[in-house]
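A look at the structure
Here is what each chain is made of, one letter per residue.
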Amino acid sequence: MTDHSDLPDDLRPPSGRQAPESLRRRVTEAIEAEPTRGRSVARVLAPVAAATVLLGGVVGAYQLGADNTQPRPADTPSPATPSETASPSAPKSTSTEPAAQSGDVRPINDADAKKLAQKCVSAWDKQQQERGGSAEHAGEWTVRYAVVKKDLTPGENGKEYSYLVLTDDVAMLDCTDGKPGGWGRDPEALDGKPKGNAQGLEETGLTLGASSQCSDEPGPDDVYAAETAFTVSDRVATVRSRLVLDGRAGPWITTEPNRGVAVAHLKATGEDAWAAKYSLETQLLDRDGKELPIEWYADGDAERHRKQDATTAVESVPGGCQASKERREGFENPKKFERPANDGAGEERCRALLGDAFDGEDFGNAADWKARSIISTDDRWSAVLSNGEQMIGCSLFPTQEVSPPMADQPTTTAESFYFALQPTPDMRKSTLWAAGRVPDDVSKITYALPNGKSVDATITEGYWMVHYVGTMSNDEIGADPSAWPPLKVTVVQGGQSTTHEIQFTTETSCDQSSHGC
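Before going into details, it helps to say that this report is about the structure given with it. These figures come from a predicted structure and were not determined experimentally.

Take the sheet that holds strand β31 (residues 487-493) next. The strand order β28-β27-β31-β32 describes an open sheet built from four strands, whose pairing is antiparallel. At either margin of the open sheet sits one strand with a lone partner, and together these are β28 (454-456) and β32 (496-502). Pairwise comparison of adjacent strand axes, ignoring direction, gives a mean angle of 20 degrees for this sheet. As paired strands, strand β27 (residues 442-448) and β31 are joined by six bridges and run antiparallel to one another. The residue bridging Y447 from the neighbouring strand is V489, located in β31.

If you want it as structure tokens, here you go:
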């Protein structure tokens with residue numbers, strides 16, 4: 001990361017950010033339920049398509065449709081049928097690499113998968129009744145992935161647990177040993193197709209997730225876990241993934257596709273769970289062990305960050321125990337940001353945030369980035385910056401974050417109006433902002449919010465910014481945004497109006513690169 005230690009306090013990017021009250025409450029519940037005293041449990045969902053680059057353990061505003069406790073595997077309730085075909089062997093590791101490990105035990109047959117799915121859905125239905133039915137369900141639940149996996153954490157001795165992914169017409173649900181885990185709205189879940197020669201596509205419906213179980217200080221029982229998923233072609237025999245911790249590569253964890261889907265679960269333990277920086281690498285292998293082209297959603301890339309120019313997907317993932325400790329400390333002393341003294345100071349802070357988020361690699365010379373449109377009021381400061389080829393949105397007050405760099409070209413597609421949603425530092429309100437560029441004949445952009453209020457964008461020579469600070473719902477703290485009505489964006493172009501309806505999901509409402517979500 002770029003070192004900003006020589007900058008004045010008001011120019012430094014944030015080193016940490018408190019989590020929302022809903023996450024605080026769930027973490028507290030998890031701590032109380034944890035049998036080992038002095039340990040904490042936290043789960044962070046990081047939307048791949050929203051370019052997750054965490055600054056010192058910064059965590060996003062809302063956990064969209066997610067259970068924030070990581071389930072502990074139990075004995076699998078289903079004696080699933082062993083696979084009839086031998087798994088292809090992954091390429092042999094070099095002497096400098098840890099030996100590869102298989103994360104799978106066997107696929108689950110259809111009959112046993114159906115029983116586990118029924119158990120999971122029944123428990124999920126009960127949860128929804130207790131929570132007031134905040135998550136949508138439409139159509140029939142379908143098993144899209146069903147495998148008996150093993151816990152690779154030292155001390156668990158490869159303990160087995162079942163893992164299923166279910167989809168209906170509007171969402172996805174994952175299940176561990178018949179118990180519901182994360183839920184997310186995604187009507188096109190697992191239906192994406194890779195472009196060109198790519199033989200697998202990262203599945204954004206199965207959101208890249210990370211969780212940690214940590215002591216107050218580093219200890220042998222601390223665990224950091226991450227997961228990722230791909231839909232793959234018939235050419236793919238094995239998928240292997242590994243964590244890279246502060247530049248040190250962990251062992252490859254191999255998994256076989258099941259029903260055209262591959263899900264990798266990875267773990268780091270002890271001191272490794274306290275690494276400062278994590279990344280995740282994934283490769284697709286054919287039956288001869290040859291690496292195949294892969295498509296994934298990389299940090300800060302254009303076109304919603306989709307990449308397909310290599311055989312190894314490389315992504316940043318949320319931080320582990322150190323980041324969790326910083327978040328817990330932040331609960332008691334939340335950081336508040338100062339409004340820029342003037343617009344010039346605001347521009348400089350935005351450039352510093354951009355540099356810290358992307359290490360100066362994806363955006364060229366920082367001095368070339370100039371403000372094109374600015375919102376400056378007593379309770380808000382935000383801007384659109386451009387270097388002529390790329391542009392970003394930047395919010396500095398009351399919250400502080402930047403968007404991923406995007407092509408500096410006019411557009412009015414629904415995706416170009418995705419937004420950032422965060423709680424204010426005092427946890428009393430929300431801040432929602434978005435930025436972009438539209439054709440010259442666009443005269444008005446209006447965001448209609450779930451609370452019934454409407455906010456007009458500021459448009460300056462095609463560059464636009466919308467910024468709202470206030471409550472988004474009657475149940476602001478602890479609310480699940482994925483249960484809110486869709487946000488409506490109306491664009492007036494050449495005298496004609498077009499309205500986009502945008503659901504609150506981990507892709508649409510996490511359009512910032514300096515926070516997870």
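Structure shown, so let's carry the discussion forward.
Once that is clear, we can look at empty space enclosed by the protein. Empty space left among the atoms is revealed by rolling a probe the size of a water molecule over them. Inspection of every chain in the model, using the stated rule, returns eight cavities of 30 Å³ or more. Taken as a whole, the second largest cavity encloses approximately 80 Å³ of empty space. Forming the walls of the second largest cavity are 13 residues, and the residues nearest its centre are G103, K150, L152, I253 and H265.

This next bit is on the state of the cysteines. Applying the stated criterion across every chain, the model contains three disulfides. In this model C214 forms its disulfide with C321; the gap between the sulfur atoms is 2.1 Å. Measuring the twist about the S-S bond at about -85 degrees, one finds the C214-C321 disulfide to be left-handed. On the criterion of sequence distance, the pair formed by C214 in strand β9 (residues 209-215) and C321 in helix α4 (residues 321-332) is long-range, its members being 107 residues apart. Here C214 and C321 have matching classes, each one buried. Here C350 is linked by a disulfide to C394, with a sulfur-sulfur distance of 2.0 Å. The S-S bond linking C350 to C394 shows a torsion near -90 degrees; that makes this disulfide left-handed. In this pair, C350 is assigned in helix α5 (residues 343-358) and C394 in strand β22 (residues 390-397), connecting sequence segments 44 residues apart. By the burial criterion, C350 is buried, and C394 matches it.

Summed over all chains, the structure comprises 13 salt bridges. Its salt-bridge partner being D408, residue R437 comes within 3.1 Å of it at the nearest N-O pair. You can see R437 sitting in strand β26 (residues 430-437) and its partner D408 sitting in the loop between β24 (406-407) and β25 (420-423), a full 29 residues away along the chain. In this structure R437 comes out as partly exposed when scored by relative accessible area, which is 25%. Assessed through its relative accessible area of 7%, D408 is described here as buried. Here the residues in one salt-bridge network are E347, E348 and R351, joined through shared partners.

About the cut-offs
Residues numbered from 1 in each chain as written. Predicted model: local features only at pLDDT ≥ 70, side-chain atom pairs only at ≥ 80, totals over all residues. Heavy atoms only, no water. Pairing = 2+ DSSP bridges. Helix = DSSP H or I, 4+ residues; strand = E, 2+ residues; numbered from the N terminus. Axes fitted to C-alpha atoms, helices over the stretch in contact; angles between N-to-C directions. 1 Å grid on protein atoms, 1.4 Å probe; cavity = no way out; pocket = protein on both sides within 12 Å on 5 of 7 lines; lining within 4 Å. Points joined across faces, edges and corners; volume = space filled by probe spheres on them. Disulfide = S-S within 2.5 Å. Buried < 20%, exposed > 50% of the residue type's maximum accessible area, 1.4 Å probe, protein only. Salt bridge = Lys/Arg side-chain N within 4 Å of Asp/Glu carboxyl O.

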